[in-house]
Amino acid sequence: MATKNALIVDDEPDIRELLEITLGRMGIETQSAKDVTSAKALLQNHDFDFCLTDMNLPDGNGIEFVQHINNNYPHVPVAMITAHGSMDSAVEALKAGAFDFVSKPVNLELLRSLVDTALNLKPLDIKTDIDSPSLLGETSAMVSLRKQVSKLARSQAPIYISGESGSGKELVARSIHENGPHPDGPFIPVNCGAIPSELMESEFFGHTRGSFTGAIADKEGLFQAANGGTLFLDEVADLPLPMQVKLLRGIQEKAIRPIGSQQEIAVDVRILSATHKDLAAEVEVGTFRQDLFYRINVIELRVPSLRERAGDIPILAEELLSRIADDYQISKPKLSSDAISELGRYHFPGNVRELENILERAITLCEDDVIKPDDLQLTHTTTTVERVTPPVFDDEEDSPAPEETVVRVPGSALPEDEESLDSYLENIEKTVIVDALEATRWNKTAAAKLLGITFRALRYKLKKLDLE
């Protein structure tokens, strides 16, 4: 493997020497400059794989030097050395194009990790699409999104991923991670709204044995689990304010302290966050800290809604049908042209997640492995199953059924919480199926007939709802 070359820019001789020794022990050739002028001359006459520069230089500003490198040597990742506690400078450097930062006094463990990350970045080629089979689509919105992901994957800057529920924010976060310098490192997603507030600090930072009642052993937190990789904070707006303070400190210091421990642990974690809420509006009303907002929102990446890329629906539908069929080990049905047209006219308030749910339902309703517009059920349908007279079956698995049965969906108001709608509907579906099975003495064939669905559809639903 060819020797890597690094440029070190700092006006303090002791710092330059420390950095030269550290990188030299990593097998990296170094050249040093004490100011911007001499650094620019070295860049003109040598090829570098990496640059490490101080913020304050005698003849210029480190931010401007970062911009100079990005404009003239975009293939060279540059990291900024900032003063201790100067997070504002670090954020400014990241916005200017620095891929990461390290604070004085320099933590050599973090520095080595930072350099290793920089040297593992993929070669910059804006014409090459990212390796992300999950971000499907050929509309201009998706082509633009993939290009942004490809560019942002080269940075360690915190990214705030905005977009509607169901638009695929976690897929985008995974793509950023998978196209970054350490795709084999851990990707740890966490739903901030799903962790009880009293357990949140322990979940994020870990704890030591005996630090509180019930702490019977040391526990590793999410930051430690994500060390060397990515921590994805989904629904970050749901973090309570006390936890926001602790999270802010962990991001700024690149170190965490488990509950009950006297020692801080350095962590090399990239922070990606997302929420379907308007985070700026949450800041305005005081439910989200402004300083944390600026730390996690160094770069904002917006994920388009499905309405904005309706031309991708046929591609997405085919991929989703293949996945659903594989998951449930059934033959993949085809979408009729009328069904595709019907999907193209639908508004999709639930985005890609709703498309997947619609197709799952359509698979259970379609006949002859062809999905037609009626199978999509894009309009409201009756909640009462018609009376039928189930036939008599001779096979031993099936037992006689009552002559007539009516199965009705339990009447109750829809929940106000949008996030609980899926589970609410699932519970209704379970109730209707169980009622039908009990009414037919668990005769599956008769129950399917009673429900007005195929036997295969009932088997699929029993497996999906864990009613086997």
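Structure: see above.
On a predicted model such as this, the values are computed, not experimentally measured, just so you know. Residue indices follow the written sequence of each chain, beginning from 1 at its first position. The predicted nature of this model means local features are confined to residues of pLDDT at least 70 and side-chain atom pairs, given and counted, to a pLDDT of 80 or more, with totals for whole chains, interfaces and linings taken over all residues. Just so you know, side-chain values use all the structure's heavy atoms and leave hydrogens and water out.

Trainee: Outline the nonpolar core, supporting the account with residue identities and numerical values.
Mentor: Among the nonpolar cores identified, the biggest contains 59 residues, and Leu7, Phe65, Phe204, Phe223, Leu231 and Leu233 are the most heavily contacted of them. Helix numbers and strand numbers start at the N terminus; a helix is a DSSP run of H or I with at least 4 residues, a strand a run of E with at least 2. For this core, the leading source of residues is helix 4 (residues 87-96), giving six residues. In this structure, Leu320, Phe348, Ile363 and Tyr460 belong to the second largest nonpolar core, which totals 23 residues. Think of a nonpolar core as a cluster: buried Ala, Val, Leu, Ile, Met, Phe, Trp, Tyr and Cys residues, connected wherever their side-chain atoms sit within 4.5 Å. Note on exposure labels: buried denotes an accessible area under 20% of the residue type's maximum, exposed denotes more than 50%, and partly exposed covers the range between, all computed with a 1.4 Å probe on protein chains only.

Trainee: So, the sheet that holds strand 3 (residues 50-54): which residues are in play, and what are the values?
Mentor: Strands were regarded as paired on the criterion that DSSP finds at least two bridges between them. If you trace the five strands from one edge of the open sheet to the other, you get 2-1-3-6-7, paired in parallel fashion. This sheet does not close on itself; its edge strands, each paired only once, are strand 2 (29-33) and strand 7 (100-103). Going from strand to strand, the sheet's axes swing by 20 degrees on average, the running direction of each strand aside. Pairing analysis gives four bridges linking strand 6 (residues 78-82) to strand 7, with the strands arranged parallel. By the bridge assignment for strand 7, Ile81 is matched with Val102. Contact definition: two residues touch when any of their heavy atoms are within 4.5 Å. Angles run from 0 to 180 degrees between N-to-C directions of axes, and those axes are lines fitted to C-alpha atoms, restricted for helices to the stretch in contact. In the packing of helix 5 (residues 108-119) onto the sheet, contacts are made with strand 3, strand 6 and strand 7, and the angle to strand 3 comes to roughly 140 degrees.

Trainee: Got a sec to walk through the packing of aromatic side chains? Specific residues and values, please.
Mentor: Two rings from Phe, Tyr or Trp (for Trp, the six-membered ring) form a pair when their centres are within 6.5 Å of each other. A pair whose planes differ by under 30 degrees is stacked, one over 60 is edge-to-face, and the rest are tilted. By the definition in use, this model includes seven aromatic pairs. Each ring, one from Phe293 and one from Tyr294, has its centre 5.6 Å from the other, and the planes form 55 degrees; the classification is tilted. Look at Tyr346 and Phe348: their rings are 4.8 Å apart centre to centre, the planes differ by 80 degrees, and that puts the pair in the edge-to-face class. Judged by its relative accessible area of 24%, Tyr346 falls in the partly exposed class. An aromatic cluster of three or more residues is present, and its members are Phe204, Phe205 and Phe223. By the criterion adopted, a ring carries a charge over it if an Arg CZ or a Lys NZ lies within 6 Å of its centre and within 35 degrees of its normal. Cation over ring: Lys254 sits above Phe101, and NZ or CZ is 4.3 Å from the ring centre.

Trainee: Got a sec to walk through the sheet that holds strand 9 (residues 187-191)? Specific residues and values, please.
Mentor: The sheet built from five strands is open, its strands ordered 9-10-13-8-14 with parallel pairing. With one partner strand each, in any of the chains shown, strand 9 and strand 14 (299-302) form the two edges of the open sheet. Looking at each pair of strands side by side, their axes are set apart by 20 degrees on average, direction ignored. Relative to strand 14, strand 8 (residues 159-162) runs parallel, the two sharing four bridges. From the neighbouring strand, Ser162 faces strand 14, where its bridge partner is Arg302.

Trainee: Lay out the side chain of Ser336 with the relevant residues and their values.
Mentor: Structurally, Ser336 is set in the loop between strand 15 (334-335) and helix 14 (337-345). Ignoring any residue separated from it by four or fewer positions in sequence, one finds Ser336 in contact with Val370, Ile371, Lys372 and Pro373.

Trainee: Explain the environment of Leu335 to me, and be specific about the residues and the numbers.
Mentor: Looking at the secondary structure, you find Leu335 in strand 15. The exposure class of Leu335 is buried, given its relative accessible area of 12%. Taking the C-alpha atoms as reference points, Leu335 and Pro373, separated by 38 residues in sequence, lie 9.0 Å from one another.

Trainee: Outline the environment of Ser211, listing residues and values.
Mentor: Mapped onto the elements of the fold, Ser211 is located in the loop between helix 8 (200-205) and helix 9 (222-225). Sequence-wise, Ser211 and Ser261 are 50 residues apart; in three dimensions their C-alpha atoms are separated by 8.2 Å. For Ser211, the contacting residues outside a window of four places in its chain are Ile259 and Gly260. Engagement of the side chain of Ser211 in a polar contact is seen with the backbone oxygen of Thr208, the distance being 2.8 Å. Under the rule applied, a polar contact is a pair of N or O atoms within 3.5 Å (in protein, one hydrogen donor and one hydrogen acceptor; residues adjacent in sequence only if both atoms are side-chain atoms).

Trainee: Break down the pattern of salt bridges for me, citing the residues and quoting the values.
Mentor: A carboxyl oxygen of Asp or Glu within 4 Å of a side-chain nitrogen of Lys or Arg is what we treat as a salt bridge. Tallying each qualifying case throughout the model produces 17 salt bridges. A salt bridge links Arg295 to Asp88, with the shortest nitrogen-to-oxygen separation between them at 3.3 Å. Here Arg295, found in helix 12 (residues 290-296), pairs with Asp88, found in helix 4; they are 207 residues apart in sequence, far enough to count as distant. Residue classification places Arg295 among the buried residues on the basis of a relative accessible area of 10%. Judged by relative accessible area, which is 54%, Asp88 ranks as exposed. Of the charged contacts, one joins Lys277 and Asp238 as a salt bridge, the two residues approaching to 3.0 Å between their closest N and O atoms. Of this pair, Lys277 sits in the loop between strand 13 (269-275) and helix 11 (279-285) while Asp238 sits in the loop between strand 10 (229-234) and helix 10 (241-253); the two residues are 39 residues apart in sequence, bridging distant segments of the chain. With a relative accessible area of 31%, Lys277 lands in the partly exposed category. Beyond isolated ion pairs, a larger network of salt bridges with shared partners links Asp10, Glu12, Asp54 and Lys104.

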